[in-house]
Amino acid sequence: MSPLQLFYIFIVTAMFAPIQAIQYQLINNATGTPGGTRFEYEIGIPCSKQTLEFATNFIWQTFKQNEGDRKNYEEVTMVVQSFVGAAAYVNSNTINVNSDYIANYQGDVKNEVIGLLYHETTHVWQWFSNNEAPSGLIEGIADYVRLKAALALITAGFLNPEPGPRP
């Protein structure tokens, strides 16, 4: 084959290569509660969906993951609901956000939830080395992504941090 024929084969193959498009489903199971209401009015589903999309791409870019390196999820779900314990947790490709945490958070809850979603989205796409990786390493990587993303968002002008110490 000539180089030109190889080039055409490459172009045609690239055009028909599967594209990994992730669907994002967001559910507010806390509608009518203080946390569910605060979520609706101060954060919202459109902002959360956009954050999940941006976080996913940011994580893939940060860790230089191509399609073959990624977990094979076609959908990521975020559920706002009341539960005992943490502000949020991940189960496979579902991010559970605690509506009680949202209700009681003192400060800019929208920026807090954006950071929380970057952290939890990292867990969705993270490999856990057959569940043998130390939890401190797993959490540290997610915290790193949250901090790196916040710096990137501030630099780009998307976040305007308040001056002074954080609570």
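In what follows, the structure referred to is the one given above.
Residues numbered from 1 in each chain as written. Predicted model: local features only at pLDDT ≥ 70, side-chain atom pairs only at ≥ 80, totals over all residues. Heavy atoms only, no water.

Caption draft 1: Spatial organisation of unusual backbone geometry. Non-glycine residue Lys64 carries a positive phi angle of around 50°. For Lys64, a relative accessible area of 70% corresponds to the exposed category. (Buried < 20%, exposed > 50% of the residue type's maximum accessible area, 1.4 Å probe, protein only.)

Caption draft 2: Structural view of the pairing of strand S4 (residues 94-98). The element S4 is largely enclosed, with a buried count of 4 among its 5 residues. Relative to S4, strand S2 (residues 75-81) is paired through 5 bridges, and the arrangement is parallel. Pairing of Met78 across the sheet is with Ile95, part of S4. As judged from the 4 bridges shared by strand S3 (residues 88-91) and S4, these two strands associate in the antiparallel manner. When the sheet's bridge partners are listed, Tyr89 is paired in S4 with Asn96. (Helix = DSSP H or I, 4+ residues; strand = E, 2+ residues; numbered from the N terminus. Pairing = 2+ DSSP bridges.)

Caption draft 3: The arrangement of the packing of aromatic side chains in detail. Tallied over the full model, the rule gives 5 aromatic pairs. Look at Tyr73 and Trp125: their rings are 5.6 Å apart centre to centre, the planes differ by 55°, and that puts the pair in the tilted class. In this pair, Tyr73 is assigned in the loop between helix H3 (45-62) and S2 and Trp125 in helix H5 (residues 109-125), connecting sequence segments 52 residues apart. Each member of the pair, Tyr73 together with Trp125, is buried. Considering the side-chain rings of Phe83 and Tyr89, the 5.0 Å spacing of their centres and the 80° angle between planes classify their relative orientation as edge-to-face. What links up through ring pairs into an aromatic cluster is the set Trp60, Tyr73 and Trp125. (Phe/Tyr/Trp six-rings, centres within 6.5 Å; stacked < 30°, edge-to-face > 60°.)

Caption draft 4: Layout of the sheet that holds S4. Ordered by their spatial adjacency, 4 strands build an open sheet running S1-S2-S4-S3, and the pairing between neighbours is mixed. The open sheet is flanked by strand S1 (23-28) and S3, the only strands paired with a single partner. Neighbour-to-neighbour, the strand axes of the sheet open up by a mean angle of 15°, direction not taken into account. (Axes fitted to C-alpha atoms, helices over the stretch in contact; angles between N-to-C directions.)

Caption draft 5: Looking closely at helix H2 (residues 34-43). Residues of H2 that are buried include every one of Gly35, Gly36, Arg38, Phe39 and Ile43, and no others. End-on, the buried residues of H2 take up no more than an arc of 165°, which puts them together on one face. Among the exposed residues of H2, those oriented more than 90 degrees off its buried face are Pro34 and Tyr41. Where the residues of H2 are buried, they touch S1, H3, S2, helix H4 (99-104) and H5. Two residues or fewer past H2, Gly44 is found with a positive phi of approximately 90°. (Arc of directions from axis to C-beta. Contact = heavy atoms within 4.5 Å.)

Caption draft 6: Focus on H3. For H3, with 18 residues, the first-to-last C-alpha span of 25 Å sits near the 26 Å given by 1.5 Å per residue. Within the sequence span of H3, burial applies to Cys47, Ser48, Thr51, Leu52, Ala55, Thr56, Phe58, Ile59, Trp60 and Thr62. (Expected span 1.5 Å × (residues − 1).)

Caption draft 7: Looking closely at the nonpolar core. Membership of the largest hydrophobic core comes to 31 residues, with the highest contact counts inside it found for Met78, Val97, Ile102 and Trp125. The element best represented in this core is H5, accounting for 8 residues. Look past the residues within four positions of Val97 in its chain and what remains in contact with it is Met78, Val79, Val80, Gln81, Phe83, Ala87, Ala88, Ile102, Leu116 and Leu117. (Core = buried A, V, L, I, M, F, W, Y, C linked by side-chain atoms within 4.5 Å.)

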